[in-house]
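# A look at the structure
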Amino acid sequence: GGGGAAMAEDEGLVSVDYEVSGKVQGVFFRKYTQGEAKRLGLVGWVQNTSHGTVQGQIQGPTARVRELQEWLRKIGSPQSRISRAEFSNEKKIKALEHKEFQILK
């Protein structure tokens, strides 16, 4: 190894909230989001809202968070139809505030 810590420092950790609109409930959207987040090594959560959207929070290295944002904006689960993905409250964090990426009921 060597140089691993320095790289992580340049990268930095960010936290960002998201809300995805469209046909995103009842299409395994949460399960796929969790799978994608785990693949990227991100933590946070995802849940359905009462008004038909999916919302949550993502935390992890900036570049990886960007990848999941792109995924939430364009891809989603196979049966989903994303009309809009909004991101808010983005901030730099010193440490991850979640242990894993959870699906909240």
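Description of the structure in this document. Fair warning: this is a prediction, and the values are worked out from it, not measured in the lab.

## A short note on helix H3 (residues 62–74)
- Along its 13 residues, H3 runs 18 Å from first to last C-alpha, staying within 8% of the 18 Å computed at 1.5 Å per residue.
- For H3, the set of buried residues is Val65, Leu68, Gln69, Trp71 and Leu72. Angularly, the buried residues of H3 cover 160 degrees about the axis, an arc narrow enough to put them on a single face.
- Tucked inside the fold, the buried residues of H3 contact strand E1 (13–23), helix H2 (29–40), strand E3 (54–61) and strand E4 (81–93).
- Two residues or fewer after H3 comes Gly76, characterised by a positive phi angle close to 65 degrees.

## Overview of H2
- With 12 residues, H2 ought to run about 16 Å at 1.5 Å a step, and its terminal C-alpha atoms sit 16 Å apart, in line with that.
- Looking only at H2, the buried set comprises Phe29, Thr33, Gln34, Glu36, Ala37 and Leu40. Taken end-on, H2 shows its buried residues confined to a sector of 165 degrees, consistent with a single buried face. Exposed residues on H2 whose side chains face more than 90 degrees from its buried face are Lys31 and Arg39.
- Buried positions along H2 lie against E1, strand E2 (43–48), E3, H3, E4 and strand E5 (101–103).
- Positive phi shows up at Gly41, right after H2, with a value of about 75 degrees.

Criteria and thresholds
- Residues numbered from 1 in each chain as written.
- Predicted model: local features only at pLDDT ≥ 70, side-chain atom pairs only at ≥ 80, totals over all residues.
- Heavy atoms only, no water.
- Helix = DSSP H or I, 4+ residues; strand = E, 2+ residues; numbered from the N terminus.
- Expected span 1.5 Å × (residues − 1).
- Buried < 20%, exposed > 50% of the residue type's maximum accessible area, 1.4 Å probe, protein only.
- Arc of directions from axis to C-beta.
- Contact = heavy atoms within 4.5 Å.

So, to be careful, I would describe these as geometric facts and stop short of saying anything about function.
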